[in-house]
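Analysis of the macromolecular model
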Amino acid sequence: MKYQLNLNGATHEVEAPAEQPLLWVLRECLGLVGTKYGCGIGQCGACTVHLDGTPTRSCLLPVAAVGSQQVWTIESVTGREADALRAAWVRHNVPQCGYCQSGQLMSALALLRKTPNPTPTELNSHLDGNICRCGTYTRIRAAVMDAAAVLQAPSASG
Amino acid sequence: MLTRRAFLQAAGSLIIPIALPALAVPNAPAPVLNPNSFLEISADGAVTVIVGQAEMGQGVFTALAAVLTEELDAPWASVQVRSSHPEAQFGNPFFNGLQITAASTSVVVFFEPYRKAGAQAREMLVRAAAEKWGLKPALLKTHQGQVLAPDGRTLAYRELLGDAARYTPPEHPKLKKIADFALIGTSPLRLDVIAKSSGKQRYGIDVQETEGLVAVVAHAPSFGALLISFDAAQAQAVPGCHTVVQIPSGVAVLATHTWAALQARKALSVVWDERPGAELSTEKILDNYRALALTPGSTAKAGLSPVPTSAEPKGQLSAEYIAPYLAHLPMEPLNCVIQRQAQRVVLTVGTQFQSQDQQVVANILGVARTAVEVRVTAMGGGFGRRANPKSDWIAEAAEILKALPALTAPVKLLWTREDEIAAGYYRPMVLSRIWAKTGADNQLTTWHQRIVGQSACDDSALDFLVQKGIDLTTVDGVTTLKYAIPDFSVDVHQTRLPIPVQWMRSVGHSHNVFFVESFIDELAHAAATEPLAYRRALLTDPRLAAVLELAAEKAGWGTPLPAGMARGLSAHEYYGSYVAIVAEVEKTGATVKIRRLVCAADCGLVVNPDGAAAQIQGALVYGLSSALYGGITLERGRALQTNFDTYPVLRMANCPSIESFFVNSSLAPTGLGECGVPSVAPAICNALFALTGQRIRRLPLAQQGISI
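The helix and strand tally for chain A stands at five helices and five strands. Listed N to C, the secondary structure of chain A is β-β-α-β-β-β-α-α-α-α in terms of helices and strands. For chain A, the C-alpha radius of gyration of 16 Å lies close to 15 Å, the compact-globule estimate for 158 residues. Taken along its principal axes, the extent of the C-alpha atoms in chain A is 50 × 35 × 25 Å. Counting over 158 residues, chain A shows a buried share of 61%. Long-range contacts, defined here as pairs at least 24 residues apart, represent 63% of the contacts in chain A between residues at least 6 apart.

Here you go:
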């Protein structure tokens, strides 16, 4: 089957079986390998992409179900929240192996866009679906809170 | 970014090639100064540090690059790292020269060689400048990639490379004084942090070669199962399926892309004889281990009195502890790419064990070791799994090539998460019984410990770690116990089972410290002595005593906590690194929460303080995850767990606050990647006992009816 994907702000045609998960379409048909395979059952969050702004596990999403929804992947997310998060990730030296971090960033980005000033509880529950085996959780927390603070600061508001 | 046109052009092909091997330096200019195996300086002054140890997230590239750069005196921004091919110079002396990243030895064994490598180049550059200026080398200084003359003249390293390259590298270059370190002891920007904070880091799983195939293997559904027959017709009918072929470990399915390979494997029909594993179950194995624990084993450490042979001899305290089989679960599932080329085989893999992987592939394919080129990629975690005693998944890839002698396409072998959990290798399940006697004033006089479990090193390239029938990785952390006990003995039963096992982050200590530090806590309570004071009186090692005091002080040991909370502690030594952990545990209703972990460590000189803190934080999370949730349960030869839904791991919401403190030391650096793991389980179990009176002697907590 051929599908027109609204992906990263452009239209892309791909050919794949209807039930093939978006994850493998992104990685192997389109070469967008920043989105990772970690479990294939929607448990680890490494494959998180945004679907009309909602963080979504691409390993469970058949390509046929994407339809006209806007897909954004780690390669192309832009804007002040994305910039603030990437900068905070570097400042806090968050990644170790780094494999889960695309998914962590995509989940954190969705959080800050919806909840610019999250409480620790909101942060914990929002990011609970993203597993990190290197144990960078405490740094992710600090980096997200830091990014939120930077975004709230008067100098960042313009 | 690819353009839209490129996307559309590519849509017709099956896999978009991702050519970049993760750690290669594309189009690097030819090196101009290359005085040793560890360093190249190119004409533009770029410094490439070559590292043979595996970067799996622990920061070894950044740490060893900083060690070399410290002595070279070059700007950090000019430094990059390249992964080495297997070569003798990168052999790990701790493991008989095998090129392996294990037991937290990277900085321990390569600290001096990388210092020397940097100092060698610096001395050659200084000599070149001295000759140019007609000055004595001793009059010259260096700073950040420049040689400085007393009169203010300067020459950049890049202007001196050609001249410097003419000299023989000095055998004994002068090293800096520790007090003069400017980079070691600081936390320079991690070399991979930007790529890893933007989705740009490439891992082995991201390597997609033109015309490449993806392979998955239908493994035996239970341990020991034998393949009777298979029917590939349905699999072959899946669009994209390329080949189905039997190999020793099962039936390999090759397809043009991953999803097709997975679908074809699902469609494959295989008949197995599962009788060999039918009797294998965790509880049956433990029944056997329990019986063995009451018979004398091979002596690992001899004591004064006869070893006990009954569960609870009169006048002795005794307890039985169990640590389960564990799965490593690095976030990046196991994979590798293998290709037969003219005169050679190219293996692209994220591995901790280059030299053996190379040898295993060579053996299987019947080629010389040097005909196997090993390209090491970045790794999405390792935790020991990528240093397999048999190079298991890599051997499987080689077997696929062997079974298809005409195949020249690159093959990417992928193990799904389910494949990893079903097939092992696991951290061994270990049962241990400890007996203790006390004398006057509750003085501990006798400790006998028996350990029952499989050897990880038997029949492998690491069998030199098995001595007199005892695998050092089974007894580590017990035989080296740092308590003063006049009559101390350890014996061991190494069992043999068809369940593949290997080391996990912190190796034998990962179970043994749980046994030992829990039992010490039991003894303290039996003696009605406060656990910190009890350890204080017994500890023989001042460095271990110091971290215990530091952790206790930072955690506020002995100060009141709110109702429903308690603290527990544990301390241990791991190959020259000393760690103490204080855990704060809370119980609300039936639910137990770990609220805070405070860790003090002495690992000698700290090369990179922020990296060191990251390793302790990560190790504590890893240890906590195993203690709370980790456990493979076998029934009829199969693991009941299959993926993260049934094998839970620690997630954000249950991650406690973590604090780490380091003893200020100028002693030689020791390992940091693993030493934080072992004391987590006993610290939280000891806290739980202090809170509830319930003694946990079997892990994980979640399988002991404790709600987390």
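Next comes the rest of the account.
Residues and elements named next belong to chain B. If you check the domain split of chain B, you get domain 1 (31-196), domain 2 (204-275 + 334-414) and domain 3 (282-326 + 426-704). If you average the C-alpha positions of domain 1 and of domain 2, the two centres end up 38 Å apart. Listed as interface residues are 13 residues of domain 1 and, on the opposing side, 17 residues of domain 2. Here the residues of the side of domain 1 that touches domain 2 sort into six nonpolar, six polar and one charged.

Residues and elements named next belong to chain B. Taken residue by residue, chain B gives an average pLDDT of 94. The fraction at 70 or more is 96%. Low pLDDT, under 50, characterises residues 1-13; the stretch is placed with 14 contacts to residues that sit more than four places away or in other chains. In the model output, the complex is listed with pTM 0.95 alongside ipTM 0.97.

This part covers the domain arrangement of chain A. Residue and element names in this part refer to chain A. Domain annotation of chain A identifies domain 1 (2-72) and domain 2 (80-153). For domain 1 and domain 2, the distance between their C-alpha centres works out to 22 Å. Listed per partner, the contact involves 14 residues of domain 1 and 11 residues of domain 2. Of all the elements in the fold, those that place two or more residues in the side of domain 1 that touches domain 2 are strand S3 (48-51) and strand S4 (54-57). The element that contributes the greatest number of residues to the side of domain 1 that touches domain 2 is S3, accounting for three residues. Among the residues forming the side of domain 1 that touches domain 2, the class breakdown is five nonpolar, eight polar and one charged.

Interface size, as often reported, equals the accessible area lost upon joining of the parts. On the side of chain B, 55 residues touch chain A, which itself brings 48 residues to the contact. Among the elements of the structure, strand S2 (10-15), helix H1 (22-29), helix H2 (80-91), helix H3 (101-114), helix H4 (120-126) and helix H5 (137-152) of chain A are those that each provide at least two residues to the side of chain A that touches chain B. No other element matches S2(A), which puts five residues into the side of chain A that touches chain B. Among the residues forming the side of chain A that touches chain B, the class breakdown is 23 nonpolar, 18 polar and seven charged.

Next up on the list: the environment of B:Gly382. Residue and element names in this part refer to chain B. Take Gly-382: it is sitting in the loop between strand S17 (372-376) and helix H10 (392-403). For Gly-382, a count of 27 C-beta atoms within 10 Å corresponds to the buried category. Sequence separation between Gly-382 and Ser-187 is 195 residues; the distance between their C-alpha atoms is 23 Å. Residues in contact with Gly-382, not counting those within four places in the same chain, are Ala-54, Met-56, Pro-330 and Gln-352.

Before going further, it helps to spend a moment on the sheet that holds strand S6 (residues 146-148) of chain B. Residue and element names in this part refer to chain B. Here three strands make up an open sheet; going across it, the order is S5-S6-S7 and the pairing antiparallel. What marks the edges here is a single partner per strand, and that holds for strand S5 (141-143) and strand S7 (154-156). Taking the axes of each pair of neighbouring strands and ignoring which way they run, one obtains an average angle of 25 degrees across the sheet. As judged from the three bridges shared by S6 and S7, these two strands associate in the antiparallel manner. Counted as the bridge partner of Val-147 is Leu-155 from S7.

Another aspect to go through is unusual backbone geometry. All names here are of chain B. Looking along the chain, the bond that leaves Gly-424 and enters Tyr-425 is cis, with omega of 0 degrees. In this structure, Tyr-425 sits in the loop between helix H11 (417-423) and strand S19 (430-438). Positive phi, normally seen in glycine, also occurs at Lys-468, with a value near 50 degrees. Along the chain, Lys-468 turns up in the loop between strand S21 (466-467) and strand S22 (470-471). On the neighbour-count criterion, Lys-468 (8 C-beta atoms within 10 Å) is exposed.

Residues and elements named next belong to chain B. Bridge count for strand S15 (residues 335-341) against strand S16 (residues 344-349) is six bridges, and the pairing is antiparallel. Residue pairing across strands places Val-337 opposite Thr-348, the latter belonging to S16. Counting the residues between successive antiparallel strands, the hairpin from S15 to S16 contains two residues, one of them, Gln-343, with a positive phi of roughly 70 degrees. Where S16 meets S17, five bridges bridge the pair, whose relative direction is parallel. Within S17, the residue paired with Val-346 across the bridge is Glu-373. A crossover connection joins S16 to the parallel S17 through helix H9 (residues 354-365); in handedness this β-α-β unit is right-handed.

This next bit is on H5(A). When the terminal C-alpha atoms of H5(A) are compared, their 23 Å separation across 16 residues agrees well with the 22 Å that a helix rising 1.5 Å per residue should span. Among all positions in H5(A), only A:Tyr137, A:Thr138, A:Arg139, A:Ile140, A:Arg141, A:Ala143, A:Val144, A:Ala147 and A:Ala148 are buried. At its buried positions, H5(A) is contacted by H2, H3 and H4 of chain A together with helix H16 (609-629) and strand S29 (657-662) of chain B.

What follows is about the sheet that holds strand S24 (residues 565-574) of chain B. Residue and element names in this part refer to chain B. Taken together, the four strands give an open sheet; going across it, the order is S24-S25-S26-S29, and neighbouring strands pair in mixed fashion. The sheet is open, and its two borders are formed by S24 and S29, each paired with just one other strand. Between one strand axis and the next, the sheet turns by 15 degrees as a mean value, whatever way the strands run. Examined bridge by bridge, strand S26 (residues 591-602) and S29 share six bridges and lie parallel to one another. Of the residues in S29, the one forming a bridge with Ala-600 is Phe-661.

Within a regular strand, side chains alternate between the sheet's two faces. All names here are of chain B. Burial of strand S8 (residues 213-219) is extensive: six of the seven residues sit out of reach of the surface. Relative to strand S18 (residues 411-414), S8 is paired through three bridges, and the arrangement is parallel. Bridge assignment links Leu-213 to a residue of S18, and that residue is Val-411. Pairing of S8 with strand S11 (residues 250-255) involves six bridges; the strand directions are antiparallel. Looking across to S11, one finds that Val-214 is bridged to Ala-255.

Attention now goes to the packing of H2(A) against H3(A). All names here are of chain A. Axis separation between H2 and H3 bottoms out at 10 Å; the angle between their running directions is 130 degrees. When the axis of H2 is compared with that of H3, the two are oblique. Considering only the axes of H2 and H3, their crossing is right-handed. Contacts between H2 and H3 involve Glu-81, Ala-82, Leu-85 and Trp-89 from the former and Leu-105, Ala-108, Leu-109, Leu-112 and Arg-113 from the latter. Tallied by class, residues from the contact of H2 with H3 come to seven nonpolar, no polar and two charged.

Reading guide: rules and limits
Residues numbered from 1 in each chain as written. Chains lettered and ligands numbered in written order. Predicted model: local features only at pLDDT ≥ 70, side-chain atom pairs only at ≥ 80, totals over all residues. Helix = DSSP H or I, 4+ residues; strand = E, 2+ residues; numbered from the N terminus. Rg over C-alpha atoms; globule rule 2.2 N^0.38 Å. Buried ≥ 20, exposed ≤ 12 C-beta atoms within 10 Å, placed from the backbone. Contact = placed C-beta atoms within 7 Å. Domains from an automatic or database assignment. Nonpolar A, V, L, I, M, F, W, Y, C, P; charged D, E, K, R; others polar. pLDDT = per-residue confidence, 0-100. Pairing = 2+ DSSP bridges. Axes fitted to C-alpha atoms, helices over the stretch in contact; angles between N-to-C directions. Right-handed = clockwise from strand over helix to strand, strands pointing away. Expected span 1.5 Å × (residues − 1). Parallel < 35°, antiparallel > 145°, perpendicular 65-115°, else oblique. Left-handed = near helix turned anticlockwise from the far one by under 90°.

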